[in-house]
Amino acid sequence: MLCFPIHERFPPVMHLSVHLENGQRVYFTEDNAIHKIINPQKTTLMAFFELCRVDNFAKTLFYCEVPAYYVWKNNKFSRRKKGKAVLGYMEIKKDQVLGRVYTVHPGNAECYYLRLLLHKIHGPTSFTALKIVAGVVQPSFQAACRALGLLEDDTHWNSTLEEASISESPNKIRELFAIILVFCQVGDPIKLWEKHPVWIFITITRGKICNQ
């Protein structure tokens, strides 16, 4: 094409996988199925955890920052040999490479919160390490996000149900509660349920209000 450059990509972008523990995709055939089960191929996320266990500099990074300092080769991250030296870490080189973690739909709740934690916690060494907040292992990734203050509180949903309980019928309140759970991002559904069970299960019989 007359020696003119017709395509260029800058800066380079590396996509990073995200999945729950033992939730990575495994591609296999009839011939290698057993081998793949016993020795599943590492993902960039699993390799990141391993890197943080042995590399002190990696422990200072977020997951999305790793490609700038490490090269993905042979299913593992290795330090870059070319690039600009990092202040305080002369053996570390930085290049203009961006890391992009694959998006996760909020409907896939635990994986969604896992992805959020990967952008907020430096150098995790395992899935369990992502759940530790102030020395306490949280029961889920969502609970860890809540403990770190990364989720909005449910004040507005509480207010919505309280206002509805003034004028709406029990059936309408139950429908509203279901809509909030299905279509809205509720931080703590169980707590919301425990706060409003009386209004949700209230019935009106012969002009009197009684609880079921």
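Residues numbered from 1 in each chain as written. Predicted model: local features only at pLDDT ≥ 70, side-chain atom pairs only at ≥ 80, totals over all residues. Heavy atoms only, no water.

Notes on the overall build of the protein chain
Across its full length, the protein chain holds nine helices and ten strands. Expected size for 212 residues packed as a compact globule is a radius of gyration near 17 Å; at 24 Å, the protein chain overshoots this value by more than 25%. On the principal axes, the C-alpha backbone points of the protein chain span a range of 85 × 50 × 45 Å. Relative to its full complement of 212 residues, the protein chain shows a buried share of 33%. Across the protein chain, contacts joining residues at least 24 apart in sequence account for 57% of those joining residues at least 6 apart. Summed over its atoms, the accessible surface of the protein chain is roughly 14500 Å², and 56% of this surface lies on carbon and sulfur atoms. Separation between the mean location of the 26 positive side-chain charges and that of the 19 negative ones in the protein chain comes to 7 Å. (Helix = DSSP H or I, 4+ residues; strand = E, 2+ residues; numbered from the N terminus. Rg over C-alpha atoms; globule rule 2.2 N^0.38 Å. Buried < 20%, exposed > 50% of the residue type's maximum accessible area, 1.4 Å probe, protein only. Contact = heavy atoms within 4.5 Å. Areas by Shrake-Rupley, 256 points an atom, 1.4 Å probe, with all protein chains shown as cover. Lys, Arg positive; Asp, Glu negative; His and termini not counted. Charge placed at Lys NZ, Arg CZ, Asp CG, Glu CD.)

Topic: the packing of aromatic side chains
The final tally for this structure, using the stated rule, is eight aromatic pairs. Feature note: the residues Phe-48, Phe-49, Tyr-63 and Phe-127 constitute an aromatic cluster, connected by ring pairs. (Phe/Tyr/Trp six-rings, centres within 6.5 Å; stacked < 30°, edge-to-face > 60°.)

Some words on the nonpolar core
Ranked by internal contacts, the top residues of the largest apolar core, which has 34 residues, are Tyr-69, Tyr-70, Phe-77 and Leu-130. No other element matches helix α2 (residues 44–54), which puts six residues into this core. Not counting the four nearest positions on each side in its chain, Leu-130 is found in contact with Phe-49, Leu-114, Leu-117, Leu-118, Ile-121, Pro-124, Phe-141 and Ala-144. Counting residues in hydrophobic clusters, the runner-up holds six residues, among them Leu-161, Phe-177, Ile-180 and Val-186. (Core = buried A, V, L, I, M, F, W, Y, C linked by side-chain atoms within 4.5 Å.)

Looking at the confidence of the model for the protein chain
Summing up the model confidence of the protein chain, the mean pLDDT is 84 and the portion of residues at 70 or higher is 92%. The model gives residues 203–212 a pLDDT under 50, and that stretch makes eleven contacts with residues more than four places away or in other chains. (pLDDT = per-residue confidence, 0-100.)

Some details on helix α7 (residues 170–183)
An ideal rise of 1.5 Å per residue puts 20 Å on 14 residues; α7 measures up with 20 Å between its terminal C-alpha atoms. Of all the positions in α7, only Pro-170, Ile-173, Phe-177 and Ile-180 are classed as buried. Viewed along the axis of α7, the buried residues span an arc of 80°, placing them on a single side of the element. Those residues of α7 that are exposed and angled more than 90 degrees off the buried face are Val-182 and Phe-183. (Expected span 1.5 Å × (residues − 1). Arc of directions from axis to C-beta.)

Side note on unusual backbone geometry
Here Asn-22, not a glycine, exhibits a phi torsion of approximately 60°, which is positive. With respect to the helices and strands, Asn-22 occurs in the loop between β1 (13–16) and α1 (33–38). If you check the backbone angles, Asn-74 has positive phi at about 55° while not being a glycine. Inspection of the secondary structure assignment puts Asn-74 in the loop between β2 (70–73) and β3 (76–79). By relative accessible area, Asn-74 is classed as exposed at 65%.

Let's talk about the environment of Leu-61
Note that Leu-61 resides in the loop between α2 and β2. Using a relative accessible area of 4% as the deciding quantity, one classes Leu-61 as buried. Residues Leu-61 and His-122, spaced 61 residues apart in sequence, show a C-alpha to C-alpha distance of 5.1 Å. Once you skip the residues sitting within four places of it in the chain, Leu-61 turns out to touch Phe-48, Val-66, Tyr-69, Tyr-70, Ile-121, His-122 and Gly-123.

A closer look at the pairing of strand β5 (residues 89–94)
When strand β4 (residues 84–86) meets β5, the two strands line up antiparallel, connected through three bridges. Within β5, the position partnered with Lys-84 by the bridge is Lys-94. Between the end of β4 and the start of β5, which pair antiparallel, lie two residues, with Gly-88 showing a positive phi angle near 90°. (Pairing = 2+ DSSP bridges.)

Topic: the environment of Tyr-69
Residue placement: Tyr-69 occurs in the loop between α2 and β2. The class of Tyr-69 is buried, set by a relative accessible area of 12%. Considering only alpha carbons, one finds Tyr-69 and Val-86, 17 residues apart in sequence, at a separation of 9.3 Å. Non-local contacts of Tyr-69, meaning those with residues more than four positions away in its chain, are made with Phe-57, Leu-61, Ser-78, Arg-79, Arg-80, Val-86, Ile-92, Lys-93 and Lys-94.

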